[in-house]
Structure formats: C-alpha cells, structure tokens
Amino acid sequence: MESISVVQLWAGRVLSALAVLFLLVDAIGKLLRVGPVVEGTVKLGYQENVVFSLGVLLLIGVVLYVTPRTSLLGAIYLTAFLGGAVATHVRVGSPLASHVLFGVYIAVFLWSGLALRSPRLLTLLTGAH
C-alpha cells in the first residue's frame, strides 16, 4: 500500500474540512429554513417549498463524503450537486468569479482533499506510477 506524508494527510483533511464546513452550513441553513438562506435560494429562482429538500439532498452528499467507505461516491455526488449550483448562477447572470465559479472552487477543495488523503486516488488522478 502506498503511504502519504503527515503534511499531505493534514493538507487533505484541511481542504476537505473547509469544503464540508461550507456545505454543512448551507445544508443546515436550508433544513432550518434560515431566512437569508431561504431568501438567497428563492432569488436564484427556486420555489420556497423546495429549500428543505435541497438541504436534505446536500446533507446526504456531505454524509457520503465524510464516510470513508463512501467518500469517493460522495465526491462524485457533491460535484454533480455543485454543477447544478454553477448552472443556476449562470442562468441568473451572477458574477463569474464570486458566484458562478464558487461551486467549482468547493469541488476543487473536495477532490483535492480526497486525493491528498488517498494515495491510490492521487495516483489515478495524476497518472503517476
């Protein structure tokens, strides 16, 4: 089995934790129907009655990602979820760097964190032997 350095492991954990923290705050805000979160979601064109469901779907992805046996599935799931967020921001004409690409930034943190914590995945993604 390939080994990773302590620095690499902790870098992966930090990147993953930052992404998970953001996604958890968003999911919990949707589940608890926090005013600004609901208002922001509605401004993006979603009906208020789907906000809770979006929170549940996001929370499922986060749970999959933080569970070691399903972390790869979680990364794929959350990437798809974030792709929807990117598409939504494109559709409503949000600013590129701060809004449209924010989902891409989070996905990069998710995948980088996972790859740094998993030598086999890092090898697969980089093509190194």
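Remember, predicted model here, so these are calculated numbers, not experimental data.

Undergrad: Give me the lowdown on the overall build of the protein chain, citing residues and values where you can.
TA: Summing up its helical and strand segments, the protein chain has seven helices and zero strands in all. Counting from the amino terminus, the protein chain carries its helices and strands in the arrangement α-α-α-α-α-α-α. Across its three principal axes, the protein chain shows a C-alpha extent of roughly 50 × 30 × 20 Å. Residue burial in the protein chain is summarised as follows: out of 129 residues, 30% are buried. Sequence separation of 24 or more characterises 62% of the internal contacts of the protein chain that already satisfy a separation of 6 or more. Within the structure as shown, the protein chain displays about 7800 Å² of accessible surface, and the carbon and sulfur contribution to it stands at 72%. Taken together, the 8 basic and 4 acidic charged side chains of the protein chain have centroids lying 7 Å from each other.

Rules and cut-offs
Residues numbered from 1 in each chain as written. Predicted model: local features only at pLDDT ≥ 70, side-chain atom pairs only at ≥ 80, totals over all residues. Heavy atoms only, no water. Helix = DSSP H or I, 4+ residues; strand = E, 2+ residues; numbered from the N terminus. Buried < 20%, exposed > 50% of the residue type's maximum accessible area, 1.4 Å probe, protein only. Contact = heavy atoms within 4.5 Å. Areas by Shrake-Rupley, 256 points an atom, 1.4 Å probe, with all protein chains shown as cover. Lys, Arg positive; Asp, Glu negative; His and termini not counted. Charge placed at Lys NZ, Arg CZ, Asp CG, Glu CD.

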